[in-house]
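As a plain string of letters, each chain reads:
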Amino acid sequence: MAADAANNDANGIVASRLRALYQAVESEPVPQQFIDLLRRLDEAERAQSDD
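Residues numbered from 1 in each chain as written. Predicted model: local features only at pLDDT ≥ 70, side-chain atom pairs only at ≥ 80, totals over all residues. Heavy atoms only, no water.

### What to know about the overall build of the chain
Rule in force here: Numbering of helices and strands runs from the N terminus, with a helix taken as a DSSP run of H or I at least four residues long and a strand as a DSSP run of E at least two residues long. Exposure is judged per residue with a 1.4 Å probe applied to protein chains only, and the accessible area is read against the type maximum: over 50% gives exposed, under 20% gives buried, and values in between give partly exposed. To measure how exposed things are, a 1.4 Å probe is used in the Shrake-Rupley method; for residues, cover is taken only from the protein chains shown. Two residue types count as positive, namely Lys and Arg, and two as negative, namely Asp and Glu; His and chain ends fall outside the count. Note that the charge is assigned to NZ on lysines, CZ on arginines, CG on aspartates and CD on glutamates.
Each helix and strand counted, the chain has two helices and zero strands in total. Dimensions of the chain, computed from the C-alpha atoms along their principal axes, are close to 65 × 25 × 10 Å. Here the chain, with 51 residues, has 0% of them falling under the buried criterion. Accessible surface, the chain as shown: approximately 4900 Å² in total, 56% of it carbon and sulfur. Seen as two clouds, the 5 positive and the 10 negative side-chain charges of the chain have centres 5 Å apart.

### Points about a nonpolar patch on the surface
What counts here: Any residue with relative accessible area above 30% and no salt bridge may belong to a patch, with like charges joined within 9 Å and the nonpolar Val, Leu, Ile, Met, Phe, Trp and Tyr side chains within 5 Å. We define a salt bridge as a contact between a side-chain nitrogen of Lys or Arg and a carboxyl oxygen of Asp or Glu at a distance within 4 Å.
A cluster of nonpolar residues, Val14, Leu18, Leu21 and Val25, forms a patch on the protein surface that exposes about 380 Å² of accessible area. Mapping Val14 onto the fold places it in helix 1 (residues 2–26).

### Re the pattern of salt bridges
Here the structure, examined in full by the defined rule, presents one salt bridge. Between Arg39 and Glu43 there is a salt bridge; the shortest N-O distance is 3.3 Å. Of the two residues, Arg39 and Glu43 both sit in helix 2 (residues 32–50), four residues apart, roughly one turn of that helix. We classify Arg39 as partly exposed; its relative accessible area is 42%.

### Points about the environment of Arg40
By the secondary structure assignment, Arg40 is in helix 2. With 18 residues separating them along the chain, Arg40 and Tyr22 place their C-alpha atoms 27 Å apart.

Here it is in structure tokens:
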């Protein structure tokens, strides 16, 4: 039983740290380079569907 409690505690710590990391990444702005790439991909997709 003590091993289960330690395992659950370790899982909780990992989950908490992953949530904190995700929130930090989520709050970062999207680089303009990625926005430009997505725009070009959208334009290429539209051009291809027009053919």
